[in-house]
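Coordinate analysis (summary)
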Amino acid sequence: MSEAPYALQEHFRDLEQQKDAATLGMWIFLVTEVMFFGGVMLSYSTARYLHPAAFAAASHYSDPLIGAINTAVLICSSLTMALAVHASQLGERKPLVGYLAATIVLGCVFLAVKAYEWSHKFHEHVVPGYDFSFPGPEARSAALYFTHYFAMTGLHALHMVIGVAVLGVLLVRAWKGRYTPAYHTPVELSGLYWHFVDIVWIFLYPLLYLIDIHR
Amino acid sequence: MSAVPPVEVEHHENYLNTSYGVWSWLLTTDHKRIGLLYLVSVTFFFFVGGFFATLIRLHLMTPQGTLVDAATYNKMFTMHGVVMVFFFLIPAIPTVLGNFLVPLMIGAKDLAFPRLNLASWYIFNAGGLLMIYSVMRGGLDTGWTFYPPYSSLYSNTHVVSAVLGIFIAGFSSILTGLNFLVTVHTMRAPGMTWGRLPLFVWSHYATSIIFVLGTPVIAITLALVGIERIFHLGIFDPSLGGDPVLFQHLFWFYSHPAVYIMVLPGMAVTTELITTFSRKRLFGYGFVAAASIAIAVIGFFVWGHHMFVAGQSFYASMVFSILSYLVAIPSAIKVFNWTATLYKGSISWATPMLYGLGFIGLFVMGGMTGLFLSALGVDVHVHDTYFVVAHFHYIMVGGTVMAYLGGLHYWWPKMSGRMYPEGLAKFAAVVLFIGFNLTFFPQFVLGYLGMPRRYHSYSPEFQVLNVMSTAGASILAVGYLLPMAYFIWSMRYGPIAGPNPWPGTGLEWLTASPPPEKNFEVTPVVTWDAYDFPNRHDLKYPAPTPGFTPAQTWPPE
Amino acid sequence: MSETIVPRKNYVLVWAALMVLTFVTWGVALIDLGPFSIVVALLIAFFKAGLVVLIFMHMLYMRRRTQLVLIAGLFWLVILFLTLGDYITRHPLLFCQPLPIP
Amino acid sequence: MIADVPLFPESASHLSEQTDNLFWFLFGVSAFISVLIFLLIAVFAIKYHRRAPNEIGAPISGSLKLEIAWTVIPFVIAMIMFAWGARLFFNMAHPPPQAMQIFVVAKQWMWKAQHPEGRIEINELHVPVNRDVMLTMTSQDVIHDLFIPAFRIKADVLPNRYTSMWFRASKPGRYHLFCAEYCGTNHALMGGWVTVMEPADFEDWLSRGERGRSMVESGAVLFQNYKCANCHVEDGSGHAPSLMGVYGAPVRLTTGQTITADDAYLRESILNPRAKIVAGYRPEMPSFQRILNEEQVLQLIAYIKTMSAGKPLQTTGSELSNPAR
Ligand code: HEA
Ligand code: HEA
Ligand code: CUA
Ligand SMILES: [Cu+2]
């Protein structure tokens, strides 16, 4: 492909092999991420199994509606990301740039809402290890909920931040017209990453916000 | 010796002499050079770990301990374990031999992601430096297992930096595994089907599965320990509502499969050694390949056998025990196939073969004692005693380290272009074998007698056996220093090896020694199976002694 | 490997389904289903995740090998969660449990 | 000197023999298989040693029959090993109901054993010969592990939880007691001796020494001091359930579950009362988490257990020493 001569690395036979390798590599990376999050989720699950009542009580500190809205924001960003990949496949430069920008904006909105929620928790003094008070004798077990809350949302937010940064780089390159129908693997792979982060949140939302909310 | 006479072959352009200078090494993306970089790092860590081992053994000469106080002793074995496991044995074979050989063996120009490969070396060293930093600042005393609440609350040593070091080094494991998986899937030369892959590659493939799926779990687990320690949270600490047994589950979910990370590459090397030095096809290629994958998969189901008396449920213990027996079966299959390969072979007693046979013997002893440990009733008695210490040293030192050394000898001509001194090498191998058994066999007896591990002082009746062990360790030390010395010597003075001194059947032997920068002048097209000695008419054997008619010769009638 | 290009319309449809399901999750959580709340919530989450993986991430159109990677990942996640089996079968007086008094 | 080197541990409990039997079985099988393999390797290596530089091995590449044989045979052997080990483990995990109770609290770096009669010992454990003894153990700090090699038993001792093990000593004598789980600086020094005595000597030993209150008596005092009886009125007329006969009985919880009130449940009820609420009552009980230490909790439990016997509130230790009744 004459448009992107720099794209083929010399140890590969052709662009197809290169793309094949990159895609497989990305999926394997995502699987490692699954196991990474799996570790905290397991920790969360055992803690919840051992202290069901405390977890229910503590989860009331998180507003399910805000969580739902944030989920929606992230899902919209997934759509714009999917459309960005679509645009890159067709080589439409302007839409690609636009969708990437939209994804970044939505990602930032999500992070902003998250920041708001976190600051709220700080105000309510439910930050274990820093400033924690919880009414009732279950305080100790409730602290476990908040520990996991911060660990899981924090880890997720960290992934979001990285994702936004990566998309930022893509945005600049897309603007310069570096991606063509023949070579747009970076857009696709970043898309996979972004969707993965979305999926993590799809699980975090019910796990953290929706524990026995009628109680 | 089958070494080609030291005729100075004409100077050829190879990966070692295409460019010179520090930066040409530190910024290289050539998998062969990165393999050598890893060789340097890993050897360094081996001597750090060996240094602590030496101190441990010296200290344990007398019941009260001769060398250090209790706190220091605890740091010794912890740092010995951590350094040996995370910074020596886990990376050793995959990153040195694997890096060097996997692309060569499948006929690729490089690994799929060369820059990632270099990055993983830097990440590894960054983790290692952090570990060394913790050692310098006063060390770590939690045992390599980091059990909370001791590690997260009570220890006042440098847990956080050590944990961070391992966390970082973990990413290098993940990247290495990912790179191997993708390379094996996408970069094989034409004709190199799955059924023709050398078993070295199969084993590394299986190892990579564990790297990729297990390492993230230890990363997050140790991260949680670090967080718990810094912020005094209660994820694992029972006094804050957490559950310490959960840590053990998470830790062993990685660390049991990790023992197969340590042994599968050893098996990989052994398979190559046994076939090359028997000049014979591997007996049961398909079964051995499948056994590697089976070990990697079933190995993930048995972690609870480290926790039989740790407070997991009775039923969980039962299940983990039976699964531990299942995971022994593929290992058994491998051992039997290796042995059968020797049958009617043409067996050479070259140094690498001595290591290969040594591996089988010591691995069998280590593995069989693993069966003692997975028998619930017996494990209750021997858990956390020297029996366990002996078990794992038999596999890890007797098995994997031996295989690693065997592999280094075997591929040294490929890596450096020169031969090591055969006589001295045989001598070192025998010294190692004797020293090893003297060091660790008495520990089986000590363990069943009931001497607990991680003891800086012990009851006087255990002394004689401990002294034997210490004596063995000093012989062992000599055995390790010898190869170090003659490898360095041979880089300059060793006889020139030629492309295929043994001769071996892998693609790596089809290219020059040392190989050119892009591995092959032309990408090879593979039309033969692995280890297919009878049909490899291209292999050049040294001329036969006149007047001698062997049973099978090349070329076959 | 020729690329599959998914029509834009499909993305939008999936997106709509995901949005609906998100608010369904929230709505269902408000109804008291006892211990089944979590089950329902997780089922919906799995369904949503499935949609994202299959369509947004093109898993439907990937080659078999890539699909295997995903399946392997999920399989290993399940192995990890077998840990819960220990907790569920644990007797309070762990390990050593007196036989019921006759 | 070499003659004094012990090669095999002393055997002093009913279990040690069973464990050794399994050990010898494992040893025999492994030795047989290992030696077989070593011999084969040695024989092949010598018999087929390369005689000419251009010799190659015979073109053999496998045999399905052999593969099946050496998959199935080890599998069968392995299952026998498993079954035997599991059976032994089952015995170890199920103490006979009449076992005599001793309570052990571990802390860095000592073992503290309390006999129900009140005698407390440190880094020592006195037990009668030929009696089933069950240890109920907990830790005040990190994880420890009680290990008595001569009895071939060990079990981890965890904070915030009860673990237990049992044995029947078969031979009077003094045996090592070790801590087998690494627990910090003086882990190696956290040990002592188990003394197995003839029953008469044991009774004698129990009655000697500065005898404090029995565990039940101490429990009764605590029950009084902490005003438990203010709420837990005997006939159940207070805000709280009567504790009469609660031990070992089924308890219905607000969640609808029914559980058996065992040691761990009682402990949790005292230290973390809200975790499980008795049906029909309100979560009013205060937590005694930071007020009582592990030994006191054990004493309270011992006391509550006697209430279950429907005995008068003051019980003497000697009656308890045979809970078999
Ligand atoms: C490379 C490392 C390595 C390997 C490969 C193994 C392999 C095995 N290990 Fe080991 N193990 C360790 C390293 C390793 N282990 C370490 C480091 C520890 C201690 C960690 C710590 O606490 O610090 C440990 C601890 C350990 C324990 C816990 C002990 C305790 O703490 O109480 C157990 C218990 O089941 C166990 C079992 C096994 C088994 C069944 C195998 C099997 O895979 C072995 C299979 C091999 C064979 C069986 C031999 C070949 C077969 C034949 C010759 C045929 C005959 C076979 C049959 C009849 C079945 N190991
Ligand atoms: C991969 C792993 C590996 C390797 C190669 C080794 C190698 C050795 N180990 Fe290691 N060992 C472990 C992994 C390993 N070990 C682990 C995981 C533990 C458990 C830790 C824990 O409990 O947390 C352990 C624990 C352990 C103990 C038990 C400590 C205790 O429980 O109290 C002992 C005791 O003998 C021991 C001895 C040795 C010896 C003698 C060697 C020898 O093979 C080493 C020989 C090498 C040398 C001798 C190096 C040669 C170099 C020199 C001689 C230069 C040295 C420089 C100077 C002296 C100035 N090890
Ligand atoms: Cu207590 Cu070791
Ligand atoms: Cu294991």
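Structure first, text after, so check above.
A brief look at the structure comes next. Small disclaimer: the values here were computed from a predicted structure and weren't measured.

Now for the interface of chain A and chain C. In this complex, chain A contributes 54 residues to the contact, which on the side of chain C involves 50 residues. Together, the buried faces of chain A and chain C total about 4,500 Å²; carbon and sulfur atoms form 78% of this surface. Here chain A is connected to chain C by four residue pairs in polar contact (both at pLDDT 80 or more). Taken together, the elements giving at least two residues each to the side of chain A that touches chain C come down to helix H1 (15-50), helix H3 (64-90) and helix H6 (185-209) of chain A. Top element by residues in the side of chain A that touches chain C is H1(A). It accounts for 20 residues. Grouping the amino acids of the side of chain A that touches chain C by side-chain chemistry returns 34 nonpolar, twelve polar and eight charged.

All names here are of chain B. Inspection of the secondary structure assignment puts Leu116 in helix H4 (residues 114-136). Expressed as a C-alpha distance, the spacing of Leu116 and Thr29, which sit 87 residues apart in the sequence, is 8.6 Å. Apart from residues lying up to four places away in sequence, Leu116 is in contact with Leu175 and Asn179.

So, about the site of ligand 2. All names here are of chain B. Around ligand 2, 33 residues are found, and the nearest of them are Arg57, Tyr73, His80, His393 and Arg454. Within the side chain of Arg57, an N or O atom sits 2.6 Å from an oxygen atom of ligand 2. A distance of 2.5 Å separates an oxygen atom of ligand 2 from a polar atom in the side chain of Tyr73. Where the shell around ligand 2 is concerned, the elements lending two or more residues are helix H2 (31-59), helix H3 (70-106), helix H13 (386-416), helix H14 (422-449) and helix H15 (463-493). Counting residues per element, the shell around ligand 2 draws most heavily on H2, which supplies eight residues.

What follows covers the pairing of strand S1 (residues 100-107) of chain D. All names here are of chain D. S1 sits mainly inside the fold: eight of its eight residues count as buried. With five bridges connecting them, S1 and strand S2 (residues 110-114) associate as antiparallel partners. Bridge assignment links Val104 to a residue of S2, and that residue is Ala113. Remark: two residues form the turn of the hairpin made by S1 and S2, two consecutive strands paired antiparallel.

Let's shift gears to the site of ligand 1. Taken together, 33 residues are adjacent to ligand 1, and B:Tyr260, B:Asp379, B:His383, B:His391 and B:Arg453 come closest. The site occupied by ligand 1 is bordered by residues of chains B and D. Within the side chain of B:Tyr260, a nitrogen or oxygen atom sits 2.7 Å from an oxygen atom of ligand 1. A distance of 3.5 Å separates an oxygen atom of ligand 1 from a polar atom in the backbone of B:Leu373. Looking at the shell around ligand 1, the elements that each hand over two or more residues are helix H8 (244-278), helix H10 (314-342), helix H11 (351-374) and H13 of chain B together with helix H1 (14-47) of chain D. Considering each element in turn, the shell around ligand 1 owes the most residues, eight residues, to H11(B). For the shell around ligand 1, the per-class residue count stands at 22 nonpolar, nine polar and two charged.

Each value, and the rule that gives it
- Residues numbered from 1 in each chain as written.
- Chains lettered and ligands numbered in written order.
- Predicted model: local features only at pLDDT ≥ 70, side-chain atom pairs only at ≥ 80, totals over all residues.
- Heavy atoms only, no water.
- Contact = heavy atoms within 4.5 Å.
- Buried area = accessible area lost by both parts, 1.4 Å probe.
- Polar contact = N/O pair within 3.5 Å; in protein donor to acceptor, adjacent residues only side chain to side chain.
- Helix = DSSP H or I, 4+ residues; strand = E, 2+ residues; numbered from the N terminus.
- Nonpolar A, V, L, I, M, F, W, Y, C, P; charged D, E, K, R; others polar.
- Near = heavy atom within 4 Å.
- Buried < 20%, exposed > 50% of the residue type's maximum accessible area, 1.4 Å probe, protein only.
- Pairing = 2+ DSSP bridges.

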